[in-house]
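Summary of structural features
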Amino acid sequence: MDTSDTPVTKTATLPPQQQEPDPKRLKMSTTTASEDEDAAATTTETKKPRYKRRKIAMFFAYCGVGYQGMQKNPGAKTIEGDLEEALFHAGAVPEQDRGNPKRYDWARSARTDKGVSAVGQVVSGRFYIDPPGLVERLNQILPTQIRIFGYKRATASFNAKKFCDRRRYVYLIPVFALDPSCHRDRESVLSSLGSGNELVKCLECSERGRKVIGVMGKRSSFEPKSTIVQSGISSNNLDAENVIKEDNLTSQLKEEVTEMDDSEVVEVKDNVAKSTIVQSDISSNIGDAEGAIKEDNLTSELKEEVTEMDDSGVVADKVNVAKWRIAQCGISSNIGDAENAIKEDNLTSELKEEVTERVDSLIVEDKVYVEKNEERRFCYGEEEKKRFNKILNHYVGSHNFHNFTTRTKADDPAARRYIVSFHANTVVTVEGIDFVKCEVVGQSFMLHQIRKMIGMAVAVMRGCAPESLIETALRKDVHINVPTAPEVGLYLDECLFSSYNQKWKDSHEELSMKAYEEEAEELKMKFIYSHIASTEREEGVVGLWLHSLNHRNYPDLQAGSGDTVEGKKSPKVDDKANTIEEESNVVEKNGDTAEMQSAEE
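Residues numbered from 1 in each chain as written. Predicted model: local features only at pLDDT ≥ 70, side-chain atom pairs only at ≥ 80, totals over all residues. Heavy atoms only, no water.

From N to C terminus, the protein chain includes 19 helices and eleven strands. Taking all 601 residues of the protein chain together, 44% fall into the buried category. In the protein chain, the proportion of contacts linking residues at least 24 apart, taken out of those at least 6 apart, comes to 74%. With the model as given, the accessible surface of the protein chain reaches about 32,900 Å², and the carbon-plus-sulfur share is 50%. (Helix = DSSP H or I, 4+ residues; strand = E, 2+ residues; numbered from the N terminus. Buried < 20%, exposed > 50% of the residue type's maximum accessible area, 1.4 Å probe, protein only. Contact = heavy atoms within 4.5 Å. Areas by Shrake-Rupley, 256 points an atom, 1.4 Å probe, with all protein chains shown as cover.)

Listed below in structure tokens is the structure:
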């Protein structure tokens, strides 16, 4: 029984084992094929964007107006903040890495200050670049003043900050800023009176001055005295007080007519003035209404002539007042005698003719003067170029720039920087304004360093400070308050990667702006240059800054080599200290040179 039952149980247990294979379950599930297809489609869609991240160097430009600089700062509008958001919305950065740039190896080649623009800025990181059209998507998201030129693949260890050998900045300074007689302060204008090198106020700005030869002291000295003249002439009484007034008026008119005679215009005006005053003394009868009307009409006509002459800036105001007084003396009488009336009318007509001739002649003289003055105006010629480049050359080399930045002490190693070159050889004209293009190339720069270097150079060029003060300011033991030029003219021109390109030239693309030169030039002219020119024309930023460039605001500008800086350490040191400092400078320069060579290698 046992033997017979055994095969029976075996046959009974076999079928359940054959009914549990997986293919049968799959066949059973084919009744819900639509649900499985949807699930498969969703899984393929979620897996589709899983591309591999690539390390790239991205080239872009921006106009810094309205931004608080390049570097991201909480609570401030920055270029970096807008760019990070654009990268996320364009699909280059995943959701989990949003707002955390360290997770995708973010690095920038240079930091720019508030309001400073850039043409060749470079950032690096690991981004999704496989979906085509990343640059187009970024430019659609970003504002028009930020433009992405393109990107290039880089090595996995590439860092835009560490691998950047040099940075080139450009500062556009208006040509008039280098003119010592342009945009001077009030004290300089007043002290220039009678020196032969006079300065007169500009019309565009309350504190601005420009050099005008032979004009100073005439426009600004105009004081209307019409009430005094009328009260001295219109009196009918011949008492002693009126006689004294008329005598004083006669002496004033003599002096004014003498000034006119000095210009070799008219030599008989003294006699005319005398005869007119005598006539007014003898035949004054202002009570007649008809005479008063004639006087008022003729006086208003002469007033209009004097106003036109004054508005045109042609005739000196004292000459006009003298003419007006002589005319009033000739017209204020109402003589009953016909002969005297005819003489008076003839005299009035003669004075009108003389005034008209004088106006015409001075208009011609003024046109000639303006033409000559335009020919003599300041221009950035060869001599000015040579002198300005000589001033900028003091910065070239390895120096301690602690006076050319903020919050950096002289003992801090970060204060020592290396400047490769600094020159200003090109003049560009933007919207009718001439600018000198100052190009500086260095390893790296500190906060406000370039703007302070420009500020000191302009002060020396304008004669506000001696040239030796630059060398004094570069010393470690001296503290000087250096003027800071406005930020509007500064922009980052290009970041250079010489060592990286030399090392990886066989396997990776060259990191440079050569492929984007045309786009960069177009954006530069459209946004950066136009903004610099329009800001200077509308706000006069550089002109207003030049007014503060004086010894009152910057007393340290008076300190040259060997002078004591007030309230600071004296630049004077003994010979032994100088020798030690020179030796240390040589050691530091040698160290910097070795550093440069190793970097280039």
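So much for the structure itself; the text now carries on.
What follows concerns the UniProt feature "active site" (unreviewed entry) in the protein chain. The UniProt feature table records "active site" (unreviewed entry) at Asp113. Counting through the fold element by element, aspartate 113 comes out in the loop between strand 2 (107–108) and strand 3 (117–127). Classification of aspartate 113 as buried rests on a relative accessible area of 18%. Beyond its immediate sequence surroundings of up to four residues, aspartate 113 is in contact with Gly69, Leu447, His448 and Arg451. (UniProt positions renumbered as here; feature names shortened; annotations may be inferred.)

Turning our attention to the nonpolar core. By size, the foremost hydrophobic cluster in this structure holds 107 residues, and its most contacted members are Tyr395 and Met456. Broken down by element, the residue count for this core peaks at nine residues, all from helix 14 (residues 449–461). Mapping this core onto the domain boundaries places at least three of its residues in each of domain 1 (54–164) and domain 2 (382–493 + 537–558). Leave out the neighbours within four places in its chain, and methionine 456 touches Tyr395, Phe404, Leu469, Ile470, Ala473, Val482, Pro483 and Leu557. (Core = buried A, V, L, I, M, F, W, Y, C linked by side-chain atoms within 4.5 Å. Domains from an automatic or database assignment.)

Take the environment of proline 486 next. Residue placement: proline 486 occurs in the loop between helix 15 (468–473) and strand 11 (490–496). Taking the C-alpha atoms as reference, proline 486 lies 9.9 Å from tyrosine 171; in sequence the two are 315 residues apart. Once residues lying within four places of it in the same chain are set aside, the contact partners of proline 486 are Tyr171, Arg451, Val541, Val542 and Trp545.

So, on to helix 4 (residues 79–89). Burial within helix 4 is extensive, with eight of its eleven residues counted as buried. Looking at helix 4, one finds that the buried residues are Ile79, Glu80, Gly81, Leu83, Glu84, Ala86, Leu87 and Phe88. On its buried side, helix 4 packs onto strand 1 (54–62), strand 2, strand 3, helix 5 (134–141) and strand 4 (146–153). Structurally, the start of helix 4 carries an N-cap: the backbone nitrogen of glycine 81 is 3.2 Å from a side-chain oxygen of threonine 78. One or two residues past the end of helix 4 sits glycine 91, with phi positive at roughly 90°. (Polar contact = N/O pair within 3.5 Å; in protein donor to acceptor, adjacent residues only side chain to side chain.)

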